[in-house]
Amino acid sequence: ESVVYWMRMEDVRVKDNRALALASEFAQQNSLPLIVLFVLVPGDYKAHDRSARSIDFRLRNLRNIKVKLQEKNIPLHVITHAGNRFRLPEKIIDEILPSMKATHIFANMEYEVDELRRDIEVLEYGAKQNVRAMFVHDRLAVPPGTFKTGQGKPYGVFSPWQRKWQAFLEAHEEHLFEAADPEGNEDGLRSHTIYGKLFDGEVPECLEGFECRDRDLMKVVWPEGNEVAVQVLNRFLYCSARKADLGLVDPRTMGQEMSIDLESDDDVQLIEDEPTKSKAKLSLKGKMASPTRLRDYASSRNSADSNTSSRLSPYLASGVISIRTILNKVKKLLGNKLESGRDSGPGTWVMECAWRDFYNHVTAAFPRVSMGRPFQEKFAEVQWEVDEEKFNAWKEGRTGYPIVDAAMKQCALMGWMHNRPRMICASFLVKDLMIDWHLGEQYFMQQFMDGDLAANNGGWQWTASTGTDPQPAFRIFNPTSQSETASPDGAYIRYWVPELASLSDKAVHNPYEKLSPKEFAKLNYPAPIVDHAKARKRALARYKNPGYHG
Ligand code: FAD
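Residues numbered from 1 in each chain as written. Predicted model: local features only at pLDDT ≥ 70, side-chain atom pairs only at ≥ 80, totals over all residues.

As recorded by an unreviewed UniProt entry, the chain carries the name Photolyase/cryptochrome alpha/beta domain-containing protein and is attributed to Filobasidium floriforme. Database annotation for the chain, UniProt heading Sequence similarities (unreviewed entry): "Belongs to the DNA photolyase class-1 family." (UniProt positions renumbered as here; feature names shortened; annotations may be inferred.)

Caption draft 1: Examining the overall build of the chain more closely. Counting secondary structure elements, the chain contains 22 helices and 7 strands. Its C-alpha radius of gyration of 24 Å places the chain within 12% of the 24 Å reference for a compact globule of 550 residues. On the principal axes, the C-alpha backbone points of the chain span a range of 80 × 55 × 50 Å. The long-range share in the chain, meaning contacts at least 24 apart out of those at least 6 apart in sequence, stands at 75%. (Helix = DSSP H or I, 4+ residues; strand = E, 2+ residues; numbered from the N terminus. Rg over C-alpha atoms; globule rule 2.2 N^0.38 Å. Contact = placed C-beta atoms within 7 Å.)

Caption draft 2: Inspection of the sheet that holds strand 5 (residues 132–136) at higher detail. In spatial order, the strands read 3-2-1-4-5; together these 5 strands make up an open sheet with parallel pairing. Every other strand in the sheet has two partners, leaving strand 3 (76–80) and strand 5 as the edge strands with one partner each. Between one strand and the next, the sheet's axes are offset by a mean angle of 25°, whatever the strand orientation. Across 4 bridges, strand 1 (residues 2–7) lies against strand 4 (residues 102–108) in parallel orientation. Of the residues in strand 4, the one forming a bridge with Val4 is Ile105. (Pairing = 2+ DSSP bridges. Axes fitted to C-alpha atoms, helices over the stretch in contact; angles between N-to-C directions.)

Caption draft 3: The arrangement of the domain arrangement of the chain in detail. According to the domain assignment, the chain contains domain 1 (1–138), domain 2 (225–363) and domain 3 (377–544). Taken residue by residue, the interface counts 8 residues in domain 1 and 9 residues in domain 3. (Domains from an automatic or database assignment.)

Caption draft 4: How the structure looks around the UniProt feature "domain: Photolyase/cryptochrome alpha/beta" (unreviewed entry) in the chain. With numbering matched to this structure, UniProt assigns "domain: Photolyase/cryptochrome alpha/beta" (unreviewed entry) to residues 2–141. Helix makes up 48% of residues 2–141 and strand makes up 21%, while its end C-alpha atoms are separated by 30 Å.

Caption draft 5: Just the site of the ligand, in detail. Taken together, 28 residues surround the ligand, and among them Ser309, Ser310, Ser313, Asn456 and Gly459 come closest. Of all the secondary structure elements, the ones that give two or more residues to the shell around the ligand are helix 10 (313–317), helix 12 (345–365), helix 15 (419–432) and helix 17 (453–463). For the shell around the ligand, the leading source of residues is helix 17, giving 6 residues. When we break the shell around the ligand down by domain, the ones giving at least three residues each are domain 2 (225–363) and domain 3 (377–544). (Near = placed C-beta within 6 Å.)

Caption draft 6: Region of the structure containing the environment of Tyr195. Tracing the backbone through its elements, the reader meets Tyr195 in the loop between helix 6 (158–171) and helix 7 (215–221). For the pair Tyr195 and Gln70, spaced 125 residues apart in the sequence, the C-alpha separation amounts to 9.0 Å. Ignoring anything within four residues of it in the chain, the contact list for Tyr195 reads Pro33, Asn73 and Pro75.

Caption draft 7: Region of the structure containing the packing of helix 6 against helix 12. Taken N-terminus to C-terminus, the directions of helix 6 and helix 12 make an angle of 105°; their axes are 10 Å apart at the nearest point. Taken together, helix 6 and helix 12 sit at an angle that is classed as roughly perpendicular. Where helix 6 approaches helix 12, its residues Phe158, Trp161, Gln162 and Trp165 are matched on the opposing element by Met351, Ala354, Trp355, Asp357 and Phe358. (Parallel < 35°, antiparallel > 145°, perpendicular 65-115°, else oblique.)

Caption draft 8: Molecular detail of the nonpolar core. By size, the foremost hydrophobic cluster in this structure holds 139 residues, and its most contacted members are Val4 and Tyr5. Ranked by residue count, the leading element in this core is helix 12, at 8 residues. When residues no more than four places from it in sequence are discounted, the contact partners of Val4 are Ile35, Leu37, Leu97, Met100, Ala102, His104 and Ile105. (Core = buried A, V, L, I, M, F, W, Y, C linked by C-beta atoms within 7 Å. Buried ≥ 20, exposed ≤ 12 C-beta atoms within 10 Å, placed from the backbone.)

Caption draft 9: Inspection of helix 15 at higher detail. The end-to-end C-alpha distance of helix 15, which contains 14 residues, comes to 19 Å, matching closely the 20 Å that a straight helix rising 1.5 Å per residue would cover. With respect to burial, helix 15 is a largely interior element, 13 of its 14 residues being buried. Count one or two residues on from helix 15 and you reach Met434, which has phi positive near 55°. (Expected span 1.5 Å × (residues − 1).)

Caption draft 10: Examining the packing of helix 14 (residues 402–414) against helix 15 more closely. Running from N to C, helix 14 and helix 15 cross one another at 110°; their axes reach a closest spacing of 9 Å. Relative to helix 15, the element helix 14 is oriented roughly perpendicular. The handedness of the crossing between helix 14 and helix 15 comes out as left-handed. In this structure, helix 14 contributes Ile403, Val404, Ala407 and Met408 to the contact, and helix 15 contributes Pro421, Ile424, Cys425 and Phe428. (Left-handed = near helix turned anticlockwise from the far one by under 90°.)

Caption draft 11: Expanded view of the pairing of strand 4. With 6 of 7 residues buried, strand 4 lies mostly within the body of the structure. Examined bridge by bridge, strand 4 and strand 5 share 5 bridges and lie parallel to one another. Its bridge partner being in strand 5, Asn108 is matched across the sheet by Val136. Once the chain exits strand 4 it traverses helix 5 (residues 113–128) before rejoining the sheet at strand 5, and the crossover so formed is right-handed. (Right-handed = clockwise from strand over helix to strand, strands pointing away.)

Caption draft 12: Representation of unusual backbone geometry within the structure. A positive phi is found at Asp49, a non-glycine position, where the angle reads about 55°. Structurally, Asp49 is set in the loop between helix 2 (42–47) and helix 3 (52–71). Although it is not a glycine, Ser465 sits at a positive phi angle of roughly 65°. Of note, Ser465 is situated in the loop between helix 17 and helix 18 (479–486).

Caption draft 13: Geometry of the environment of Ile326. With respect to the helices and strands, the residue Ile326 is situated in helix 11 (residues 323–333). The residues touching Ile326, leaving out its near neighbours within four places in the chain, are Leu233, Ile321 and Cys353.

Caption draft 14: Molecular detail of helix 14. Taking 1.5 Å of rise per residue, 13 residues should cover 18 Å, and helix 14 covers 17 Å from first to last C-alpha, within 8% of that figure. Burial analysis of helix 14 places 10 of its 13 residues in the buried class, the great majority of the element. Of the residues making up helix 14, those classed as buried are Pro402, Ile403, Val404, Asp405, Ala406, Ala407, Met408, Gln410, Cys411 and Met414. Positioned one or two residues after helix 14, Gly415 has a phi angle of 70°, which is positive.

Caption draft 15: Examining the confidence of the model for the chain more closely. This prediction gives the chain a mean pLDDT of 91; 91% of its residues lie at or above 70. Between residues 274–281, whose pLDDT stays under 50, and residues either more than four places distant or in other chains, the model counts 8 contacts. Per the prediction output, this complex has pTM 0.95; the corresponding ipTM is 0.99. (pLDDT = per-residue confidence, 0-100.)

Caption draft 16: Just the environment of Lys378, in detail. Looking at where Lys378 falls in the secondary structure, it is placed in the loop between helix 12 and helix 13 (388–396). Residues Lys378 and Phe391, 13 residues apart in the sequence, show an inter-C-alpha distance of 25 Å.

If you want it as structure tokens, here you go:
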């Protein structure tokens, strides 16, 4: 007999992994071998538009994990289910588990509709075949459905939900407890004595149909491993932003000139200093006194001109690091209290982490969003343009709007984008080009290293005004003024669109308007593919009358 922990796409780690820790405890108590199972399902990844980059990242992380599991006498068994993705439960219960003589299967919950249906089937069908399945919450700080509105309904607006989220975590600190190990092992996983050797195969180098063409670059910009994710987090918590780090940089080296011993953060604390009603200033106590990306996040988070944000999203989206580890580190820095709110850098950042929880809550409570439906159903009939040429210009960064082009080039080359440019690009596609947001949602998933169904759908629906935003359709980003905020001195644009590198700080945001036709022609840069003022009117008219094609 054996016990299986079924690792999924969103929990690729050993440390603080609840289902794995439970499976490990159960196996040990019952003197059974524990096997970690990972089933690659290409049909699922195609259906969800997962990028080759993100699949390759998972495989790299699995190879990294395999070594750690081996040290604990736990084999990692990776198999590919190339057949119909909806037949996976039968394959698991009828073929895979019997081949391992497994009687118990543990997994962390996934909240998307197909995944929930699949797990219910595993649970029900497994019970008939004498296999016990156990699914637990792990992905989020607060599980979906934990609180409802006064009318007993799920929340559809972020702010009141976030206040509940904050209060809940204050009252239930056990939700942030990390998986503990009675033997005192740091990663929370027991050592096993019985080894299910038969199932110890290799992790494939590559999955057919998901060949990652820029793997070498991706390995530098997004190195694998939980230790790396912790380093990326530490750099964000303890080091300042640098212009030099805005692009294709190994995140482990960010802010390295500060030469801080990031291994031990025991005597580092962020403390409130001269708190005022609206703005609590924070300073560092202990061995560091300089500004940090976390401390400055409230004011710098909308700037794409340097590495102002954490860049943890690929690690969080694949679960290489747990949200509990992250929030606990911030909590410790704040003197053991977790704040969230726009008044301080840490508070603002914790709020961004809350958005991640929120969009998962929306996914679980409103299954229509996983089925391609708008959250605000009244906008289902908004009329879209079908314009492949303009869509391609957007994808390739040839729109003539420098901030959009810079961001789309970053997306293609780096597999990631800062949040503000993501919103600007999404708004441009939907409101300026009037192209269906589903196409943008799909393209981002196909490109991004951090492609996450809930966050990506939430972000697109928010920008397309079909989502959970309470003041939607009138929000139409002006790409030029947004550019001036996101990249005040144009560093971001100059990095990604080198044709514009020599322009003045003013001209770089809108060269077509600011330069003479002769000067503009010399740039070898496209003229705007749409007139923003006219496009804005068109979008307003179409959103006002869904169904109207004017
Ligand atoms: P930080 O600013 O350091 O934030 C810390 C963490 O909080 C992030 O890593 C992320 O896990 C979470 N987070 C931050 N903002 C959001 C948000 N608005 N919604 C949900 N979670 C958030 N995020 C993804 O992880 N995957 C996606 O596929 C994705 N697609 C998006 C698509 C659009 C159109 C938009 C507007 C946003 C999208 N986001 C997505 C949210 C956000 O842009 C990224 O999480 C963020 O830019 C990642 O950079 P970071 O790790 O440096 O973030």
